[in-house]
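As a plain string of letters, each chain reads:
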Amino acid sequence: MPKNQYAIARRSIWYLLRTLLVIALIVVLCLTAFVAAMNISNIYILVTEGLELRAGYILQGGEISSLTEYFTESFIAQDPALYDGAYSSFSVTNFIYKIEVKSILALPWGSSATVKVYEKMLSVSGSPLEGTDPDAQLPQWIPATYNVKLKRVNGRWYISDMILLKQNPAEKPLPTPDYSQLPTPGQQS
C-alpha cells in the first residue's frame, strides 16, 4: 500500500472521530439542558403550589400530612408559622395568595436548589369563631421575600428550608401610568 493511501485513511479516521466527538458533545449538551429545564420546571411548580398550600394550612387549618408532598418532615416540624395559631380563632372562608418567583438556582447534577420568592396575601376574608371576641380583626399577613431551599430525596424535590430575607419589601411601581392621577377635563394642573 502506498504511503498516500495511509495518509488518506488516517485523515478519514480522524475526520470520523472528530465528527462523532462533536455529535456526542451536542447530545450531552442537549441532555444537560433538558435535565436542567426539567428540574427548574419541577422546582417552580413545587414551590408555588407548596407555599400556597402552606398558606392555606396557616389560614384555614386542615391535615398537616398534606404538606408532606411538598415539604420535608423536618421543615414541617420546625416551621413556626404552622403552629403559632394566629388564625385559629377565625373561620377563614377565602384568600387570594400571590407568589412571585424571582430566581431559581439549580444545577442539573445537583441535589439542592435555591429559589428566591416574594409572597403576598392580596386578600383574606373570614369571621371570628363563636365564643371568641366578635370584634376581633384577622391578623395581617406580612409580605416577605424568602430564599427557599430545596433538596432532592430519592429523585424527588422537597422544600427543606425558608430563610426570611426581608419583610414588607418595597414594591416596584408598575410600568404603566396611573390614569387616576391625571386631571379631569376642566381641571387646571
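Residues numbered from 1 in each chain as written. Predicted model: local features only at pLDDT ≥ 70, side-chain atom pairs only at ≥ 80, totals over all residues. Heavy atoms only, no water.

## Here we look at the pattern of salt bridges
Logical step 1: Counted under the stated rule, the structure contains 3 salt bridges.
Logical step 2: Between R54 and D79 there is a salt bridge, with the nearest N and O atoms lying 2.7 Å from each other. Here R54, found in helix α1 (residues 3-60), pairs with D79, found in the loop between α2 (73-78) and α3 (80-83); they are 25 residues apart in sequence, far enough to count as distant.
Logical step 3: Relative accessible area serves as the criterion here: at 6%, R54 is assigned to the buried category.
Logical step 4: The salt bridge partner of E69 is R156, with a shortest N-O separation of 3.2 Å. Of the two residues, E69 sits in the loop between α1 and α2 while R156 sits in strand β4 (residues 156-167), which places them 87 residues apart along the sequence.
Logical step 5: For E69, a relative accessible area of 43% puts it in the partly exposed group. (Salt bridge = Lys/Arg side-chain N within 4 Å of Asp/Glu carboxyl O. Helix = DSSP H or I, 4+ residues; strand = E, 2+ residues; numbered from the N terminus. Buried < 20%, exposed > 50% of the residue type's maximum accessible area, 1.4 Å probe, protein only.)

## Brief notes about the sheet that holds strand β3 (residues 144-153)
Logical step 1: Strand order in the open sheet formed by 4 strands is β1-β2-β3-β4, and the pairing between neighbours is antiparallel. Each of the sheet's edge strands pairs with one partner strand only, and the pair in question is β1 (90-106) and β4. Recorded for the sheet is a direction-independent mean angle of 30° between the axes of neighbouring strands.
Logical step 2: Alignment of β3 against β4, held across 10 bridges, turns out to be antiparallel. When the bridges of β4 are listed, R152 appears paired with W157. (Pairing = 2+ DSSP bridges. Axes fitted to C-alpha atoms, helices over the stretch in contact; angles between N-to-C directions.)

## Describing the pairing of β1
Logical step 1: Pairing geometry for β1 and strand β2 (residues 112-128), over 15 bridges, is antiparallel. Residue pairing in the sheet places I99 in a bridge with E119 of β2.
Logical step 2: Taken together, β1 and the strand that follows it, β2, pair antiparallel across an intervening segment of 5 residues.

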